[in-house]
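# Architecture at a glance
Okay, here's what each chain looks like letter by letter:
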Amino acid sequence: MTKVKIASTTDVSSDKVLKTSANGKSVLVAKVGDNYCAIANKCPHFGLPLAKGKFENGVITCPFHGSKFEICTGKNVEWVDSFVGIPLPAIAQKMIAMGKSPTDVANFAVTQEGTDLFIDS
Ligand code: FES
């Protein structure tokens, strides 16, 4: 693992995620409270990007099927409940889940040096 700069504190706000990269991997970074947090920009459901999802109270919603993840922990807090923003009944949620169990998204510890933010990647 190598330490990689992902952003400057001045690039990151608390109301939206910043899409960046580290060693060729797409990463999302955001500020939650006083903390800078980062996750992989790759939904564990089908591997689709999370970057355009709604971000609110430290949680990002996958724009494809509505799974929700805490950006500071990667924890899955909701699994496959919609299709491109349209809520689905339980039977349709099961079909869209395609047998995949709720899974956390990869997250990264963010370290700060001055105004630079780093992750190990
Ligand atoms: S790709 Fe994210 S919930 Fe399906």
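Residues numbered from 1 in each chain as written. Predicted model: local features only at pLDDT ≥ 70, side-chain atom pairs only at ≥ 80, totals over all residues. Heavy atoms only, no water.

## Looking at the pairing of strand β2 (residues 18-22)
Regular strands have side chains that alternate between both faces of the sheet. Strand direction decides the pairing type here: β2 and strand β3 (residues 25-32), joined by five bridges, are antiparallel. By the bridge assignment for β3, Lys19 is matched with Leu28. The antiparallel pairing of β2 with β3 creates a hairpin that spans two residues between the two strands, and Asn23 there sits at a positive phi of about 50°. (Pairing = 2+ DSSP bridges. Helix = DSSP H or I, 4+ residues; strand = E, 2+ residues; numbered from the N terminus.)

## Here's the deal with the UniProt feature "domain: Rieske" (unreviewed entry) in the protein chain
In this structure's numbering, the residues bearing the UniProt feature "domain: Rieske" (unreviewed entry) are residues 4-119. Counting secondary structure, residues 4-119 comes out at 7% helix and 41% strand; the distance between its end C-alpha atoms is 6 Å. (UniProt positions renumbered as here; feature names shortened; annotations may be inferred.)

## What to know about the sheet that holds strand β12 (residues 111-113)
Ordered in space as β1-β13-β12, the three strands form an open sheet in which the pairing is antiparallel. Edge strands, defined here as strands with exactly one partner in the open sheet, are β1 (3-8) and β12. Across this sheet, the average inter-strand angle for adjacent strands is 35°, counted without regard to direction. (Axes fitted to C-alpha atoms, helices over the stretch in contact; angles between N-to-C directions.)

## Focus: the nonpolar core
Residues Leu50, Ile60 and Ile71 are the most contacted members of the largest nonpolar core, which totals 29 residues. When residues of this core are traced back to their parent elements, those giving at least two are β1, β3, β4 (35-40) and β13 (116-120). When residues of this core are assigned to their parent elements, the largest contribution, five residues, is made by β4. With sequence-adjacent residues up to four places away left out, Ile71 is seen in contact with Val17, Leu28, Val29, Ala30, Val32, Cys37, Ala38, Ile39, Phe55 and Gly58. (Core = buried A, V, L, I, M, F, W, Y, C linked by side-chain atoms within 4.5 Å. Buried < 20%, exposed > 50% of the residue type's maximum accessible area, 1.4 Å probe, protein only. Contact = heavy atoms within 4.5 Å.)

## Some points on the sheet that holds strand β8 (residues 76-78)
One open sheet holds the four strands; their spatial order is β5-β6-β7-β8, and the pairing between them is antiparallel. At either margin of the open sheet sits one strand with a lone partner, and together these are β5 (55-56) and β8.

## Examining the environment of Lys75
Position of Lys75 among the secondary structure elements: in the loop between β7 (68-70) and β8. Each C-alpha atom of the pair Lys75 and Val105 lies 6.6 Å from the other, and the pair is 30 residues apart in sequence. Non-local contacts of Lys75, meaning those with residues more than four positions away in its chain, are made with Lys68, Phe69, Glu70 and Asp104.

## Considering the state of the cysteines
In total, this model carries one disulfide according to the counting rule given. With a sulfur-sulfur separation of 1.9 Å, Cys37 is cross-linked through a disulfide to Cys72. Across the S-S bond linking Cys37 and Cys72, the dihedral sits near 75°, which makes this disulfide right-handed. With Cys37 in strand β4 and Cys72 in the loop between β7 and β8, the pair connects residues that are 35 residues apart, well separated along the chain. What makes Cys37 buried here is its relative accessible area of 6%. (Disulfide = S-S within 2.5 Å.)

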